[in-house]
Amino acid sequence: MNLLKYAIVSIFSFILLIGCGGKEEKKKDGFSYEKKESEPNKKVDENVANVVISGNDMMKFDKTEIKVGAGKKVKLTLRHTGQLDKNVMGHNFVLLKQGVDLMAFGIKAASAKDTGYIPVDAKDDVIAYTKLIGGGETTVVEFDAPESGEYDFLCSFPGHYGMMKGKFIVE
Ligand code: CO
């Protein structure tokens, strides 16, 4: 009985050991060398804030607040979990610079269909943005987190900024 218990514990520990140690060597990119020893989840790069936000056919984001750490690279994935076409229920993610009025931007953006509802002359207002997507699509944007503070984000598809908006907080 005791022997069996011992055997099971040993095997389990061994599996754990392999599980933790096995992937150790794989990730040798410049960012991740510093925290190898105790981090079992090797896919996480601590310098990257992975953010996933979804929009649906009900004209809603699944998040109204996003938090990332200062100094991070942000990898933001936007998913459209609905089915409607992007001409009907298009979604993007637009992160505004501080001091830019969200509603004013939303109104201006509504007439910028040709550029994915990002006004050509408004690029100074924007920290980052994704392309416009429709149901079932996914898109990714990567950018450096701005300095600590609160920022507005929105979907700039016409009429969506009222419902599809939130705070992007860098702390
Ligand atoms: Co939208």
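Being a predicted model, the structure only gives us computed values, none of them experimental.

Engineer: I'd love a proper account of the pattern of salt bridges, names of residues and values included.
Structural biologist: Under the definition given, this model contains six salt bridges. A salt bridge links D144 to K73; its shortest N-O distance comes to 2.9 Å. Here D144 is found in strand β6 (residues 138-144), whereas its partner K73 is found in strand β3 (residues 73-80), with 71 residues between them in sequence. The closest approach of N and O atoms between K167 and D152, which form a salt bridge, is 2.8 Å. Of the two residues, K167 sits in strand β8 (residues 165-170) while D152 sits in strand β7 (residues 149-154), which places them 15 residues apart along the sequence. Salt bridges here are not isolated pairs; linked through shared partners, they connect E150, D152 and K167.

Engineer: Give a detailed account of the pairing of β3, specifying residues and quantitative values.
Structural biologist: Both strand β1 (residues 48-55) and β3 contribute to a ladder of eight bridges, which runs parallel. Bridging from a neighbouring strand, V51 pairs with L76 of β3.

Engineer: Mind laying out the sheet that holds β3, listing which residues take part and the relevant values?
Structural biologist: One open sheet holds the three strands; their spatial order is β1-β3-β6, and the pairing between them is mixed. Sheet topology places β1 and β6 at the edges, where each strand pairs with a single neighbour. Across the sheet, the mean angle separating the axes of adjacent strands is 20° when strand polarity is ignored. Two strands pair when backbone bridges link them, and β3 and β6 are joined in this way by seven bridges, in the antiparallel orientation. Paired with T77 across the two strands is V140, which belongs to β6.

Engineer: Can you explain the coordination of the cobalt ion? Please cite residues and give values.
Structural biologist: The protein atoms that coordinate the cobalt ion are G90 (O), H91 (ND1), C155 (SG) and H160 (ND1), at distances spanning 2.1 to 2.5 Å. Around the cobalt ion sit four donor atoms; with metal-centred angles ranging over 78 to 129°, the donor geometry is irregular. For the cobalt ion, all donor residues lie on one chain, and their spacing in sequence is G-H-x63-C-x4-H. Residue C155 shares its accessibility class with H160, and that shared class is buried.

What counts, and where the lines are drawn
Residues numbered from 1 in each chain as written. Predicted model: local features only at pLDDT ≥ 70, side-chain atom pairs only at ≥ 80, totals over all residues. Heavy atoms only, no water. Salt bridge = Lys/Arg side-chain N within 4 Å of Asp/Glu carboxyl O. Helix = DSSP H or I, 4+ residues; strand = E, 2+ residues; numbered from the N terminus. Pairing = 2+ DSSP bridges. Axes fitted to C-alpha atoms, helices over the stretch in contact; angles between N-to-C directions. Donors = N, O, S within 2.8 Å, 3.2 Å for Na, K, Ca; no water. Tetrahedral: all angles 85-135°; square planar, octahedral: opposite > 155°, others 65-115°. Buried < 20%, exposed > 50% of the residue type's maximum accessible area, 1.4 Å probe, protein only.

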